[in-house]
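Working through the structure, step by step
Chain by chain, the residues:
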Amino acid sequence: MTPHRIFLTSLLLPATLLCASTDVEFNHDIRPILSDKCYLCHGADAKAKKIPLRLDHEDEAKAAMPDGKHAVVEGHPEQSEMIRRITAPSVAVRMPPAYSGLKLSPKEIETIRTWIAQGAKWEKHWAFLPPKRPPLPAVKNTAWPHNPIDSFILAKLEREGLSPSPAANRETLIRRVTLDLTGLPPTPADIDAFLNDKSPKAYEKVIDRLLASPRYGERMAYRWLDAARYADTNGYQYDAGRDMWRWRDWVIDAYNRNEPYNQFALEQLAGDLLPNATLPQKIASGFNRNHRINTEDGIIPEEYAAEYVVDRVDTTSSVFLGVTLGCARCHNHKYDPFTQKEFYQVFAYFDNVPELGRGMKFGNSPPVIPAPTREQQIALDSLHQRSQRVEDSLNRQDRAIRHAQTAWEHRVEKEPEQFWAPSRDLVAAYTFDDKSEASKSLGGDVAIVPGHLGRAASFDGKDYLSTSTIPNLDVNDPFTISLWLNGSATPDGSLVTQMLDNPKGKGYGVHVDHGKVYVSLTSNWNDDAIRLETEDTLAANRWYHVAVTYDGSKMGQGIHVYVDGHEAKVKVLLDTLYRPYRNAGHGFKEPLRIGAGWGPERRFRGLIDDVRLYSRVLGTDELSALSTAESIADIARKSPAVRTAIETEQVRWDFLDNAAPAAIHDLWRQRTALLEEEEKLERTFPTVMVMAERPTPRETHILIRGAYDKPGDVVHRGVPAVLSPMPAGAPNNRLGFAEWLVDPGNPLFARVAVNRFWQMYFGTGIVKTVEDFGSQGER
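Residues numbered from 1 in each chain as written. Predicted model: local features only at pLDDT ≥ 70, side-chain atom pairs only at ≥ 80, totals over all residues. Heavy atoms only, no water.

1. Some details on the side chain of Gln281
- As for its position among the elements, Gln281 is in helix α14 (residues 279–284).
- Looking at Gln281, its side chain comes within polar contact range of the side chain of Glu267, at 3.4 Å.
- With near-sequence residues (within four places) excluded, Gln281 lies in contact with Gln263, Glu267, Gly271, Asp272, Leu274 and Asn276. (Helix = DSSP H or I, 4+ residues; strand = E, 2+ residues; numbered from the N terminus. Polar contact = N/O pair within 3.5 Å; in protein donor to acceptor, adjacent residues only side chain to side chain. Contact = heavy atoms within 4.5 Å.)

In structure tokens, the structure reads:
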């Protein structure tokens, strides 16, 4: 990606870009005329217009027409129907037709006549031909060229009767190259150092210094960000903020590392699909999540889901291939050899992202990943190392721990029952072993009766507990809710909630709906909520432990339900959570309620015991421990040989939490504190939107006239036939598409890249239309 590479790669461009020929050339002289004046009717869309003649394919242009005549007869313009029609004196016969507003000039007519007379030699569109290194043109002033590019420049100047400008003075030269490579002017010290350096390599040393500057990556990145439609807002009506700056930083770093351009492109298109993809490679795939995202109420999500995929096809084809493939969304391309089917074959590569058509009101829309900065990762690694050292110290104390724990177990066998539960990130706990916990009841007294773990609250379907706890949790915050329940009939009603107390209330809660565990996270009941339920039902008059975890992802897949320590199969009923529960600038002030949340008609009837709320996702081992229902004394009375793995862990955790010798207890507290610090640090990590694949591929259809709700034939993934085929062995997925795009056999990839660099440094590309290398673009 250095200027030296740009110049060398440019030599691969066809010589006809830079030098003229005495013969009429199809690509140079004829194709532009046909594209501008004829393809509208006689191009790819001719069949749809019921026109028998196509002039964009050689075979059809030279074949006999229905009346037996030939539009083009090689070497015989007088026999060619095309010449007769474009020179016809009658307006009714002459082509192009007068109503089209198009007209051939006398020069264009003569060019076509000469081409046919010279044999009507046809050429594939120049941009779709493999690049070939051309010979250097002969020049008169052989002393002037210093590199191969100079020869082409001088040859053109000499043909035009011009002479090269004088060499720039050194002050001008360092200013130009510094601005070109960093976007900033040189400092006075930089200028003085260059002027005082009389060595033959003085200029090369300046370039090396500039390429090593972090400003180089920033300068190169800002043009790339424009091409990639980078933004930190969503772009539609509300234009809320989102965070893509970690992808921006990846681009800057890639330039500063001088990452090979083919790898640079491949990682942005499919970094997430690379084997053992690294975090930077996953971040790189954010290239195709930079599109605008609509968060408005009332939109049709399916419509915008299709628009996002169309955007990816348009951007990928224009940025990396320099073609207007998007013109084939609704019909075959009017000017270039791309069919509508081929558009949707490429569309299929980008149509498998597990995203919602409606984006999140605030922040990033899934799929997202945490993307720590370098400093944050260093801090996290340091915490991991410290944790490991503490863990190693505890392991070295294992014999002493076992000895002290055995003595402790003999004592606790005779002590009153106590139950272990995690204490880290505990927001609220209600065991009901103390009558005062029910003092906040509304609508009557909730009875406290013998429960599963000591005592429990008894609910009659009318009364409930409104606690003094107001959790500071919203849609981005992880949590775990754990409780024991026993329904007196088929379990039904709200269990634990923080929501407006009505059937469609804003907030979150765990309920039982006719025996099925039912979880709701609601901003707006109709179209801004997650609702799911278990497939299996709970029986009446027996105790169950129920736990629900939520990872803060705002997606149904981030919620897991556990019944008696085992993950339950769930059915997602709605998966479209976009906005927080809180009003702008205000927290969500509803209290934590037990036995209520769905309004008076759906109060819980039965027993609830040991309610716990955590501000993190508990581990499966912790959830298993919570569901054992055995006291520490019960476990201690068992022989270690017959304890389950989780019982062994549970009694060990309780000992370390409450009874270990001071030195061991201090290590255990250090370990706990470090875990808390790690989790706190991880919650500060920025996120970035990335690409991902659905586990079950989505079926892709041609969309009739491009309309999202008018699916046509099913299409499968594939690349345009006019370009090179897929590389042998490449998977037919987005990664395979990326490998095809960067493959040396692709005639466009390198050309388009070089052309963008040329435009960046010289103001105008070798091809002026940098995003259109097709028939309508500049040659």
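2. Looking at the packing of helix α8 (residues 170–182) against helix α11 (residues 214–227)
- The geometry of α8 relative to α11 is characterised by a closest axis approach of 6 Å and an angle of 70° between their N-to-C directions. Taken as axis vectors, α8 and α11 run roughly perpendicular relative to one another. Two secondary-structure elements touch here, α8 through Leu179, Asp180, Leu181 and Thr182 and α11 through Arg215, Tyr216 and Arg219.
- Looking at the contact of α8 with α11, its residues break down into three nonpolar, one polar and three charged. (Axes fitted to C-alpha atoms, helices over the stretch in contact; angles between N-to-C directions. Parallel < 35°, antiparallel > 145°, perpendicular 65-115°, else oblique. Nonpolar A, V, L, I, M, F, W, Y, C, P; charged D, E, K, R; others polar.)

3. Thoughts on the pairing of strand β9 (residues 507–513)
- The element β9 is largely enclosed, with a buried count of six among its seven residues.
- As paired strands, strand β8 (residues 493–499) and β9 are joined by six bridges and run antiparallel to one another. Bridged to Gln498 within β9 is Tyr508.
- Bridge count between β9 and strand β10 (residues 516–524): seven bridges; the pairing is antiparallel. Across the sheet, the residue bridging to Val512 is Val517, located in β10.
- Linking β9 to β10, which pair antiparallel, is a turn of two residues; within it His514 sits at a positive phi near 50°. (Buried < 20%, exposed > 50% of the residue type's maximum accessible area, 1.4 Å probe, protein only. Pairing = 2+ DSSP bridges.)

4. A word on the pattern of salt bridges
- According to the stated counting rule, one finds 46 salt bridges in the structure shown.
- A salt bridge links Glu108 to Lys37, with the nearest nitrogen and oxygen atoms 3.0 Å apart. With a gap of 71 residues between them, Glu108 in helix α6 (residues 106–117) and Lys37 in helix α2 (residues 26–37) connect regions that are remote in the sequence.
- In this structure, Arg652 and Asp398 form a salt bridge, with 3.8 Å as the shortest nitrogen-oxygen distance. (Salt bridge = Lys/Arg side-chain N within 4 Å of Asp/Glu carboxyl O.)

5. As for the state of the cysteines
- By the definition in use, this model includes zero disulfides.
- This cysteine, Cys38, is not joined by any disulfide, and Cys41 carries the nearest cysteine sulfur, 9.0 Å off.
- Of the residues examined, Cys38 reaches a relative accessible area of 11% and is grouped as buried. (Disulfide = S-S within 2.5 Å.)

6. Focus: the environment of Ala61
- Within the secondary structure, Ala61 is located in helix α4 (residues 58–62).
- Accessibility expressed as a relative area gives 0% for Ala61, which makes it buried.
- For the pair Ala61 and Ala71, spaced ten residues apart in sequence, the C-alpha to C-alpha distance is 6.3 Å.
- Ignoring sequence-local partners within four residues, the contact set of Ala61 consists of Leu53, Arg54, Leu55, Ala71, Val72 and Trp122.

7. Some remarks on helix α15 (residues 301–321)
- When the terminal C-alpha atoms of α15 are compared, their 29 Å separation across 21 residues agrees well with the 30 Å that a helix rising 1.5 Å per residue should span.
- Following α15 by one or two positions, Gly322 adopts a phi angle in the positive range, close to 65°. (Expected span 1.5 Å × (residues − 1).)

8. Describing the confidence of the model for the protein chain
- Per-residue pLDDT for the protein chain averages 92, and the proportion of residues at 70 or more is 95%.
- For the stretch residues 1–21, pLDDT sits under 50, and the model shows 50 contacts to residues farther than four places along the chain or on other chains. (pLDDT = per-residue confidence, 0-100.)

9. Some remarks on the side chain of Arg579
- Along the chain, Arg579 turns up in the loop between β15 (570–575) and β16 (593–594).
- A polar atom in the side chain of Arg579 sits 3.1 Å from the side chain of Asp297.
- For Arg579, the contacting residues outside a window of four places in its chain are Asp297, Arg358, Lys361, Val475, Ser523, Asn524 and Asp528.

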